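# Inside the fold
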Amino acid sequence: MPIDLFMTQLSPTMTEGKIARWLKKEGDELISGEVMAEIETDKATMEMEVVDEGTLHRILAPAGSIVTVGVPIAVIAEEGEEVAADYMPEGSVAELEEDGPAEEAAELAAETVQASSIEGHAAQDGEEEVVLNLKPSGVFNADGDYDLVVIGAGPGGYVAAIRAAQLGLKTACIESTHLGGICLNWGCIPTKALLRTAELVNVVNHQGDELGLGVSAANPDIAKAVSRSRKISAKLNSGIGFLFKKNKIDHISGYAKFEAGNRLMVEDGEGNISQVTAKHIIVATGARARAFPGMDVDHEVIITYKQALVPEKTPAHLVVIGSGAIGMEFAYFYRAMGSEVTVIEAADQILPLEDHEISKVVERSFKKQGIKIVTGAMVSSAKNVDGKALVSFTAKGKETVIEGDICLVAVGVLGNTDAIGAENTQMKVDRNSIAVDDWYRTDHLGIYAIGDVVGAPALAHVASHEGVVCVEAIAGNHPHKVDYGNVPGCTYCQPQVGSCGKTEKQCVDENIPVKIGRMSYATNGKAMGLAETEGMVKTIFHAETGELVGAHIVGAEATEMIVTLQLSRTLETTEAELAHHMFPHPTLSEMIHESVLDSDGRAIHI
């Protein structure tokens, strides 16, 4: 007897669902556990898995249909079963629709399955149309020994390699130096280890007596702090090696370069060159520190983040050019270690990408710590003169020259596209960024690119996410494209900064009507107990729809708390739902609740 497939209640509050797309077409075999359709509700897009095995005999509700829970959407034929041509479940979508029989609906559904990977789905009832930007697909080398080769083992590359192996692709990863890339070895991880030292130094120096620690002055040892950070990086580096072995990924040590004729060559540490063949290749070569004209980086006095991570001693005076996350984190660390620190920023605020109120909180805190900050300053030169760093800049129409022992250049990064032989491919490279589509295909068939090498935002978690989406698209798994409007930004100095979505200024510039809520750390019980009362939570809602447009936190554990609001945006949670939600007490997260309530004039503790 035929099996009627009904619209399933995929969440406790679901009453109807929209069929975003069918991943199976009529005649396909259905195996338990496979995903057969994607269902959209007002909360999220969810997967409908196969429960009853058989053959998908007839699709009753085409993609785009909005179907009430409990209404039939398809018919499944059991193995060897012949289903009558006129069979139709009672109350089926096809009977209710006026425009045509089930056959037409099925044809439309089958067409949607074929087109969905190219066009996304059409807008319904005022929904914004989702259209994918895709380049032609193809393979690099049809007879390749590997299904996939990843160039680079940073957070984008090694994650992509592991996900590919999980999906059954024969995979190799080419890396010339350290597994884990800049993030693990010279960026995210070691800096966090150093910042923990700085945090504890500041706790002792500023709250040691108040907290009853019996000590009110720390004696930091920068060599020991650096040594600890390097051990952590080494441990995680070996951990990635273990994951490669566990997932049967070949680690090819060397430098990869494309040559004419769809050839990928690898040169090892001894100068030996060999060819590696693959059906698909992902370029994940990352980025390096950028320096503008006049900034004469010599890696001794005029340095980048790499040298800043392994200082031989604490400089008496550190000059930092650039006040993004990297610049601010090192300014905070070196000030805690005892350096005099000056930060020079071209924009009119530090942390230029953050909301202006959040930036002001960090600026006040840094100034209280004794860090000098100059904004609106254009650096004309940074040079090593007789072993000292001389930095010239113009601010408020006045040219100034300051002298430091070390100058850290932290003005962004530049994609590593120079040495990969891109000129021997059809990849389009503009200012060290490779052009890609929504599935990270380049203009050369079978070559993809992810991470810093495709441009901003140059963040480890973005690279990892891109790697997974890229690989799943290669494997035909119908991934969702990356939402670059909801990328979490984190700065790990104290006070920490976490943000997602739009700033208040962006909303003003885009004429978005907003309701803004704020809550200070100063009156939060948990913050008082932690002796961390500096900071605020700021939530920005659309004044008409209640959508959470942007969220910004500055203060203790901001980088952990921001994920609550970022996830809320992913789930399209509204102001009303967040206001209704019960937050635990006493926690820092209560400030999120109070900020939400404040946007509607309902805050309790303000």
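Residues numbered from 1 in each chain as written. Predicted model: local features only at pLDDT ≥ 70, side-chain atom pairs only at ≥ 80, totals over all residues. Heavy atoms only, no water.

## As for the pattern of salt bridges
If you walk through the whole model with that rule in mind, you get 28 salt bridges. Put simply, Lys25 and Asp28 hold a salt bridge, and the shortest N to O gap is 3.7 Å. The partner of Asp600 in a salt bridge is Lys515, with the nearest N and O atoms 3.2 Å apart. Residue Asp600 is located in the segment after α15 (590-598), and its partner Lys515 is located in strand β31 (residues 514-520); the two are separated by 85 residues in the primary sequence. By sharing partners, the salt bridges in this structure join Asp355, Glu357, Glu504, Arg518 and Lys538 into a single network. (Salt bridge = Lys/Arg side-chain N within 4 Å of Asp/Glu carboxyl O. Helix = DSSP H or I, 4+ residues; strand = E, 2+ residues; numbered from the N terminus.)

## Quick notes on the packing of aromatic side chains
Under the criterion given, the structure shown has four aromatic pairs. Between Phe330 and Tyr334, the ring centres sit 6.4 Å apart and the planes meet at 40 degrees, which makes this aromatic pair tilted. Residue Phe330 and its partner Tyr334 are located together in helix α8 (residues 325-337), separated by four residues, close to a single helical turn. Residue classification places Tyr334 among the buried residues on the basis of a relative accessible area of 4%. Taken together, a centroid distance of 6.5 Å and an interplanar angle of 25 degrees make the contact between Tyr332 and Phe366 stacked. Note that Tyr332 is positioned in helix α8 and Phe366 in helix α9 (residues 356-368), a separation of 34 residues in sequence. Phe366 carries the same exposure label as Tyr332, and that label is buried. Put simply, the rings of Phe330, Phe333 and Tyr334 pair up and form one aromatic cluster. Lying across the ring of Tyr146, Lys170 places its NZ or CZ 5.2 Å from the centre. (Phe/Tyr/Trp six-rings, centres within 6.5 Å; stacked < 30°, edge-to-face > 60°. Buried < 20%, exposed > 50% of the residue type's maximum accessible area, 1.4 Å probe, protein only. Lys NZ or Arg CZ within 6 Å of the ring centre and 35° of its normal.)

## Regarding the side chain of Thr503
The topology assignment puts Thr503 in the loop between β30 (496-501) and α11 (504-509). For Thr503, a relative accessible area of 8% gives the class buried. Once residues lying within four places of it in the same chain are set aside, the contact partners of Thr503 are Leu353, Glu354, Asp355, Ile540 and His552. (Contact = heavy atoms within 4.5 Å.)

## As for the sheet that holds strand β23 (residues 398-404)
Read across the sheet, three strands follow the order β21-β22-β23 without closing on themselves; strand pairing throughout is antiparallel. Every other strand in the sheet has two partners, leaving β21 (377-385) and β23 as the edge strands with one partner each. Each neighbouring strand pair of the sheet contributes to a mean axis angle of 20 degrees, computed without reference to strand direction. As paired elements, β21 and strand β22 (residues 388-395) share eight bridges and run antiparallel to each other. Across the sheet, the residue bridging to Ser381 is Ser392, located in β22. (Pairing = 2+ DSSP bridges. Axes fitted to C-alpha atoms, helices over the stretch in contact; angles between N-to-C directions.)

## Observations regarding helix α5 (residues 188-207)
End to end, α5 covers 27 Å across 20 residues, agreeing with the expected 28 Å (1.5 Å per residue, within 8%). Pro190, Thr191, Ala193, Leu194, Leu195, Ala198, Glu199, Val201, Asn202, Val203, Val204 and Gln207 are the residues of α5 that are buried. (Expected span 1.5 Å × (residues − 1).)

## Concerning the sheet that holds strand β1 (residues 3-6)
As summarised here, the arrangement of the four strands in space is β1-β8-β6-β3, forming an open sheet in which the pairing is antiparallel. Where the open sheet ends on each side, the last strands, each with one partner, are β1 and β3 (29-30). Judged from the four bridges that link them, strand β6 (residues 54-59) and strand β8 (residues 72-77) form a sheet pairing that is antiparallel. The partner of Leu56 across the bridge, within β8, is Ile76.

## What to know about α8
With 13 residues, α8 extends 18 Å between its outermost C-alpha atoms, agreeing within 8% with the 18 Å of an ideal straight helix rising 1.5 Å per residue. Of all 13 residues in α8, ten are buried, a share of seventy percent or more. What α8 keeps buried is the set Gly327, Met328, Glu329, Phe330, Ala331, Tyr332, Phe333, Tyr334, Ala336 and Met337. Within two residues after α8, Gly338 carries a phi angle of roughly 115 degrees, on the positive side.

## Observations regarding the environment of His593
Relative to the helices and strands, His593 is located in helix α15. When its relative accessible area of 18% is taken as the criterion, His593 is described as buried. Setting aside residues no more than four positions away along its own chain, His593 makes contact with Leu578, Ala579, His581 and Phe583. Of the polar contacts made by the side chain of His593, one reaches the backbone oxygen of His581; its length is 3.5 Å. (Polar contact = N/O pair within 3.5 Å; in protein donor to acceptor, adjacent residues only side chain to side chain.)

## A few points about the pairing of β22
Where β21 hands over to β22, the hairpin turn is made up of two residues, of which Asp386 adopts a positive phi near 55 degrees. Pairing of β22 with β23 involves seven bridges; the strand directions are antiparallel. The residue bridging Ser392 from the neighbouring strand is Val401, located in β23. Between the antiparallel neighbours β22 and β23 lie two residues, among them Lys396 with a positive phi of about 55 degrees.

## Some words on empty space enclosed by the protein
Here the structure, examined in full by the defined rule, presents three cavities of 30 Å³ or more. Along its surface, the largest cavity is lined by Ala289, Arg290, Tyr305, Ile326, Val409, Ala410, Val411, Gly412 and Val413. The residue makeup of the lining of the largest cavity, split by class, is seven nonpolar, one polar and one charged. (1 Å grid on protein atoms, 1.4 Å probe; cavity = no way out; pocket = protein on both sides within 12 Å on 5 of 7 lines; lining within 4 Å. Points joined across faces, edges and corners; volume = space filled by probe spheres on them. Nonpolar A, V, L, I, M, F, W, Y, C, P; charged D, E, K, R; others polar.)

## Overview of the packing of helix α3 (residues 157-166) against helix α10 (residues 460-474)
In the contact formed by α3 and α10, the axes pass within 8 Å of each other and the chain directions differ by 35 degrees. The two elements α3 and α10 meet at a crossing, and its hand is right-handed. Residues Val159, Ala160, Arg163 and Ala164 of α3 form the contact with α10, whose participating residues are Ser464, Gly467, Val468, Val471 and Glu472. Of the residues contributing to the contact of α3 with α10, the split by class is five nonpolar, two polar and two charged. (Left-handed = near helix turned anticlockwise from the far one by under 90°.)

## Details of the pairing of strand β10 (residues 171-175)
Counting buried positions along β10 yields five of five residues, so the element is predominantly enclosed. Alternating residues of β10 divide into Thr171, Cys173 and Glu175 and Ala172 and Ile174, and every residue in both groups is buried. With four bridges connecting them, strand β9 (residues 146-151) and β10 associate as parallel partners. Considered in β10, the bridge of Val149 is made with Ala172. Taken together, β9, α3 and β10 constitute a β-α-β crossover, and its handedness is right-handed. (Right-handed = clockwise from strand over helix to strand, strands pointing away.)

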